[in-house]
Amino acid sequence: MTTPDPNENYTDAALRIGDVDPYPQRLVGEFIGIVTRNDWVNDEYKHVVLKVHEHATKAYAGQMFHLLCPSPDGAEVWMRRPMSVYRVDKTAGEVEFLYKSEGRGTRGMATLQPGDEFNIAGPLGVGFKLQPSWKNIVVLGRGVGLATLAPLSQLAAENGVGVTAILSARHEGVVMSKELFDDLGAHTITVLDSDGSSDVENVERILETLIAQGKTDAFFTCGSNRLLKLMQRLGKKHGIPGQVAMEQIMVCGFGACYVCVRTFEVDGKRVLKRVCRDGPVFNMQEAVGW
Amino acid sequence: MVDLTVKIGDITLQNPVQPASGAFSWEYNDVIDLNRLGALVAKTICREPRLGNPTPRMAETEAGIIQSIGLPGKGIEYFVEHIVPEYARFTPPLVVSVSSESIEDFAALAEELSVPDVDVIEANISCPTRNATGGNFAMHEDYTRDCITAIRAKTRKPLWVKLSPNAGDIVSIARAAEDAGADALVIANTFLSLKIRTDNFRPALGNKFGGLVSPALKPIVLRMVYQVAKAVKIPIIGIGGVTKAEDVVEYMLAGATAVGIGYAGFRNPTALISIIDDLAAWCDERGIKKVTELIGAVRDQDMEMDTLNAASAGV
Ligand SMILES: Cc1cc2nc3c(=O)[nH]c(=O)nc-3n(C[C@H](O)[C@H](O)[C@H](O)COP(=O)(O)O)c2cc1C
Ligand code: FES
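Residues numbered from 1 in each chain as written. Chains lettered and ligands numbered in written order. Predicted model: local features only at pLDDT ≥ 70, side-chain atom pairs only at ≥ 80, totals over all residues. Heavy atoms only, no water.

1. Here we look at the overall build of chain B
For the record, the criterion: A run of DSSP states H or I qualifies as a helix once it reaches four residues; a run of E qualifies as a strand once it reaches two. Both are numbered from the N-terminal end. The globule rule used for comparison is 2.2 Å times the number of residues to the exponent 0.38, while the radius of gyration itself is calculated over C-alpha atoms. Residue contacts are counted whenever heavy atoms from the two residues lie within 4.5 Å of one another. In short, Shrake-Rupley with a 1.4 Å probe defines the accessible areas, and a residue's cover is counted only from the protein chains shown.
The helix and strand tally for chain B stands at nine helices and 14 strands. Whereas a compact globule of 315 residues would reach a radius of gyration of roughly 20 Å, chain B reaches 19 Å, a difference of no more than 12%. Here the C-alpha coordinates of chain B stretch approximately 60 × 50 × 40 Å along the principal axes. For chain B, the proportion of contacts with a sequence separation of at least 24, taken over those separated by at least 6, is 69%. As displayed, chain B offers around 12,900 Å² of accessible surface, 52% of which is attributable to carbon and sulfur atoms.

Now the structure itself:
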C-alpha cells in the first residue's frame, strides 16, 4: 500500500509487487503492475508484459483482467476495459496481454512505456475447462480472438492434450500468435482472406478432416461469428462439445451491474447471462451469435 | 483514532461509507472485505422477474458514463429466498432497494420485504428512465407524498427514500417525503441523459436515455444535499460523484450523515475500503474525534458579504 495523496482525484488500495495482502481470502485483486515491455508484434497488434503481485498470476486460460487504461488524448477514460489474459508466467511473476490498438482504451494502452504503472483488476470470470477424457482439441480463432485461445493451448500442452490451432486472418501480416502455438507443440493451420483459404467452406473441410482423424474431442473458438456458427453446426452434427469466449461492454466486472449481458439459449429457452461472471467462456451450443 | 460511527435513525453504521444501489452486489466480496462497509445496499428489486433494457446499457461520454440497465432481476420471491441470505452472511446492516410502477404494489412489496434479515427499506422512487406516474414518483411532490405514505403504512422497518436530481424543486419533494414518514433521504439518483453516435446517427444506448454517472455531478448533488439539509430534520445519505475521502467530508459538511458510492467502485474496485481508511486518517490528522462533528459543519454563517472586502483578501 502507498500513502494516499489527499490531492489526488481518485483513491486506490491496489496491490503492488511484494505487498502483503490485507485480505488474503480474496479471489480478485486490484493490482498495480509495472510494464516491462509493450511492443508491436505486427502492423495492428501490440504485446504488453507486466510484472505483478503474485496473486495476479493465479489467472487461468480464458479469464480476464479489467484494465484501467491511460488516456490516449488527455481526456478521461471513464471505464476499465476487459481483456483476456494472453499468457501467465508464474516464475517471472508476469501477466501478458495481446491487443489491437483501436479504441480509446487500447490506444491509451499502446502509449505505455517500460517502467510505467498499469492498474489491472482480476482475474475475472469463468475461463476454459478441459475434461480429463479429452486427448485432442481444436481451437479455431480469428484476429485478436486468438489471444484469448493462446493460453488454452498452453493449458492443453501442460496436460498432455494435443492441440490443432486453426488461425484465421486477413493476410499473412496479421496472423496472430503462430509462434506461441508452434512453441507449445500445437499443430497450426493458417487460413487467410487474401488467398480465400479462410472461407467457411474451406475451414469446414479442414474440420471434417480433423474429425475423421479423431483429433476433435472438443472445439474452442473466439472472435468470429461465422466460425462460431460453423463449429456449432459441426459440433451438433458429430456430437462434439465446445466452448466459446464471448465479449460485451462491461462496467463492474463482478456480476453486479448487469451491463454485460448477452442472450444465450439454454434448453430451448432464450436467457440473459453476464459475460463478466457467468462467462466469458460459455458452452458453445448455448451461445447465440451476433 | 477517530470514531467513524454514524446513526441514521435507529440504525448505527460503523462508518459513513456505503455502496450505491445497483452499483454493488455481494459478489464484491471477491475483492473487498464487505464487513468493513457502513452498510450493504442491494440492487433495486421489483415484483416480477425482469430482463431489463436492451443493450448497449452503457456508453462513455466526455463527461462520464451514461447507463440504462432497466432494473433487471429475478423478482421478489427469488430475492427474499436467495439473495437476502447472500447478504445476511455479512455484518453490516442490509439496505434493500425496491421499486414499482404503482403505489399499491410499492407498499405491498415493502411489506413483503420486511423480513428479519432486512434492516432498511430504500424506496427507489427515482429511476430516471421511468415516468412520474409510473415509478419515478420523485419527480412530483404529491406523488412522492402519496407513495411514501402508502409504504409507511405497510412497514415498520426504517424507510429511506431515494430522490431524483431531475425534479425541479427537490426541497419540496424532500419535505413531502419527510412529512409522509421517511426516516432518511438518499440524494440522489442519476441525471437523465442522452448520447447520439455520429457514425450511425443512433442513440448510443439501447434504451435511448440513460442516467449520467460522473464525478462531475458531485457539485450539483452537493448543492442539493445542502439545500435539503436546511429544510428537513431527518438524516441524508449523499450520493453522486464520491471518489475520495475528501468528497465524504464535503458531503458531511453540507449536511449529509453518510454517503453512497457507485462509480468509484467501478473505476477502482477497492475504492470503498481506501476511502474509509483515508477518511479515518483525514480525521486523525486534524484531531477530529467523532466523524459526526462534520455533519452540517460548513462554515457559511460568517461569510464575507462585502464584495470589495472579499476581493481584497488573500487567495
Ligand atoms: C450501473 C448502474 C446501475 C444502477 N442501478 C440503480 C438501481 O438499481 N437503483 C438505484 O436506486 N440506483 C441505481 N443506480 C444509481 C446509483 O445508485 C447512484 O445513485 C449513482 O450511480 C450516483 O452515484 P455515483 O456518482 O457514486 O456513481 C445505478 C447506477 C449505475 C451506474
Ligand atoms: S460488467 Fe457488471 S455485471 Fe458484468
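2. Considerations on the pairing of strand β13 (residues 242-245) of chain A
Threshold: Any residue under 20% of the maximum accessible area for its type is buried, any over 50% is exposed, and the rest in between are partly exposed; the area is computed with a 1.4 Å probe on protein chains only. Crossover handedness is defined by viewing with both strands directed away from the observer: a clockwise path from the first strand over the helix to the second marks the crossover as right-handed.
Going residue by residue along β13 of chain A, you find G242 and V244 of chain A tucked away on one face and Q243 and A245 of chain A tucked away on the opposite face as well. A crossover connection joins strand β12 (residues 218-222) of chain A to the parallel β13 of chain A through helix α5 (residues 225-238) of chain A; in handedness this β-α-β unit is right-handed.

3. A short note on the interface of chain A and chain B
Where we set the bar: Values labelled buried area give the accessible surface lost by two parts on being combined, using a 1.4 Å probe and summing over both. We define a salt bridge as a side-chain nitrogen of Lys or Arg found within 4 Å of a carboxyl oxygen belonging to Asp or Glu. Charged residues are taken to be Asp, Glu, Lys and Arg, nonpolar residues to be Ala, Val, Leu, Ile, Met, Phe, Trp, Tyr, Cys and Pro, and polar residues to be all remaining types, Gly included.
Chain A puts 40 residues into the contact, and the matching count from chain B is 40 residues. Summing the contributions of chain A and of chain B, the shared interface buries around 3,400 Å²; its carbon and sulfur component is 57%. Linking chain A with chain B are five salt bridges. Here E60 of chain B and R81 of chain A are joined by a salt bridge, their closest N and O atoms 2.9 Å apart. Mapped by element, the contributors of at least two residues to the side of chain A that touches chain B are β2 (29-40), β8 (117-124) and β15 (269-274) of chain A. A per-class count over the side of chain A that touches chain B returns 24 nonpolar, six polar and ten charged.

4. Side note on helix α2 (residues 145-158) of chain A
All names here are of chain A. Taking burial as the measure, the 14 residues of α2 include eleven buried ones, the bulk of the element. Among all positions of α2, only G145, L146, A147, T148, L149, A150, P151, L152, S153, Q154 and A156 are buried. Directly beyond the C-terminal end of α2, a positive phi value near 70 degrees is found at G160.

5. Overview of the site of ligand 1
Inclusion rule: Residues are counted as near a molecule or strand when any one of their heavy atoms sits within 4 Å of it. Under this definition, polar contacts are N or O atom pairs within 3.5 Å; protein pairs additionally need one hydrogen-donor-capable and one acceptor-capable atom, and for neighbouring residues in sequence, both atoms have to be side-chain atoms.
In the vicinity of ligand 1, 22 residues are found, and the nearest of them are S21, T44, K162, G241 and Y263 of chain B. At ligand 1, the nearby residues belong to more than one chain, namely chains A and B. Note that an oxygen atom of ligand 1 is positioned 2.9 Å from one of the side-chain N or O atoms of K43 of chain B. Residue N124 of chain B places a side-chain N or O atom 3.2 Å away from an oxygen atom belonging to ligand 1. Here ligand 1 has 600 Å² of accessible area as a free molecule, and 97% of this is covered by the chains. Residues that form the shell around ligand 1 fall into these classes: ten nonpolar, ten polar and two charged.

6. As for the packing of aromatic side chains
What counts is decided by this rule: Aromatic rings from Phe, Tyr and Trp, with only the six-membered ring used for Trp, were paired whenever their centres fell within 6.5 Å, and each pair was classed as stacked if the ring planes differed by under 30 degrees, edge-to-face if by over 60, and tilted otherwise. Here, over-ring charges are defined by two tests on the NZ atom of lysine or the CZ atom of arginine: distance to the ring centre within 6 Å, and angle to the ring normal within 35 degrees.
Evaluation of the coordinates by the stated rule reveals ten aromatic pairs over all chains. Ring centres 5.8 Å apart and planes at 85 degrees place the aromatic pair F65 of chain A and F97 of chain A in the edge-to-face group. With F65 of chain A in strand β4 (residues 64-68) and F97 of chain A in strand β7 (residues 94-100), this pair connects stretches of sequence that are 32 residues apart. Across this residue pair, the class does not change: F65 of chain A and F97 of chain A are buried. Their ring planes at 35 degrees and their centres at 4.1 Å tell us that F264 of chain A and F282 of chain A sit as a pair that is tilted. Of this pair, F264 of chain A sits in strand β14 (residues 261-266) while F282 of chain A sits in strand β16 (residues 281-283); the two residues are 18 residues apart in sequence, bridging distant segments of the chain. Assigned by exposure class, F264 of chain A and F282 of chain A land together as buried. Feature note: the residues F254 of chain A together with F24, W26, Y28 and Y87 of chain B constitute an aromatic cluster, connected by ring pairs. Between the NZ or CZ atom of K273 of chain A and the centre of the ring of F264 of chain A, over which it lies, the distance is 5.9 Å.

7. Considerations on the environment of H238 of chain A
Residues and elements named next belong to chain A. By the element assignment, H238 lies in helix α5. Residues H238 and P70, spaced 168 residues apart in sequence, show a C-alpha to C-alpha distance of 46 Å. Setting aside anything within four residues of it in sequence, one finds H238 in contact with E208 and I211.

8. Concerning the domain arrangement of chain A
All names here are of chain A. Just so we agree on the cut-off: What counts as a domain boundary in this text is fixed by an automatic or database domain assignment.
Split into domains, chain A comes out as domain 1 (29-124), domain 2 (126-243) and domain 3 (246-290). Summarising the inter-unit geometry, the C-alpha centres of domain 1 and domain 3 are found 23 Å apart. Contacts between the two partners involve seven residues from domain 1 and, on the opposite side, nine residues from domain 3. Carbon and sulfur atoms make up 74% of the surface buried where domain 1 meets domain 3, a total of about 630 Å² over both sides. On the domain 1 side of the contact with domain 3, M64, H66 and L124 bury the most area, a combined 57% of that side's loss. For the pair domain 1 and domain 3, the interface holds zero salt bridges. At the junction of domain 1 with domain 3, the criterion picks out one residue pair in polar contact (both at pLDDT 80 or more). Tallied by class, residues from the side of domain 1 that touches domain 3 come to four nonpolar, two polar and one charged.

9. A few points about the environment of V259 of chain B
All names here are of chain B. Within the element layout of this structure, V259 appears in strand β14 (residues 258-261). Remark: the alpha-carbon pair of V259 and E62, spanning 197 residues in sequence, is separated by 25 Å. Apart from residues lying up to four places away in sequence, V259 is in contact with P16, V17, Q18, I237, G238, V242, V248 and Y251.

10. A word on the sheet that holds β12 of chain A
Residues and elements named next belong to chain A. We apply this condition: Here, a strand pair is defined by DSSP locating no fewer than two bridges between the strands. Angles run from 0 to 180 degrees between N-to-C directions of axes, and those axes are lines fitted to C-alpha atoms, restricted for helices to the stretch in contact.
Taken in spatial order, the six strands line up as β11-β10-β9-β12-β13-β16 in an open sheet, and their pairing is mixed. The strands lining the two open edges of the sheet, one partner per strand, are β11 (187-192) and β16. Each strand of the sheet is rotated relative to its neighbour by a mean of 20 degrees, with strand direction disregarded. Bridge count for strand β10 (residues 162-169) against β11 is six bridges, and the pairing is parallel. The residue bridging A165 from the neighbouring strand is T188, located in β11. Strands in contact with α5 are β9 (136-142), β10, β12 and β13; relative to β12, the strand with the most contacts, it is inclined by about 165 degrees.

11. Some remarks on the packing of helix α2 (residues 103-112) of chain B against helix α3 (residues 141-154) of chain B
The description of two packed helices rests on the angle between their axes and on the distance between the axes. Residues and elements named next belong to chain B. Heads up, the condition is: Each crossing gets its hand from how the near helix is turned against the far one by less than a right angle, where anticlockwise is left-handed and clockwise is right-handed.
Following both chains from N to C, one finds α2 and α3 inclined at 35 degrees, their axes separated by 8 Å at the closest point. In terms of crossing hand, the pair formed by α2 and α3 is right-handed. Residues I103, F106, A107, A110 and E111 of α2 touch α3, and the partners they reach there are Y143, D146, C147, A150, I151 and K154. Here the contact of α2 with α3 is composed, by residue class, of eight nonpolar, no polar and three charged.

12. Comments concerning the sheet that holds strand β5 (residues 58-61) of chain B
Each strand in a sheet pairs with another by means of backbone hydrogen bonds, the pair being arranged parallel or else antiparallel. Residue and element names in this part refer to chain B. Taken in spatial order, the four strands line up as β5-β6-β12-β11 in an open sheet, and their pairing is antiparallel. Where the open sheet ends on each side, the last strands, each with one partner, are β5 and β11 (191-194). Put simply, the sheet's adjacent strands are angled 40 degrees from each other on average, direction ignored. Sheet topology places strand β6 (residues 64-67) next to strand β12 (residues 209-213); three bridges connect them, and they run antiparallel. When the bridges of β12 are listed, Q67 appears paired with G211.

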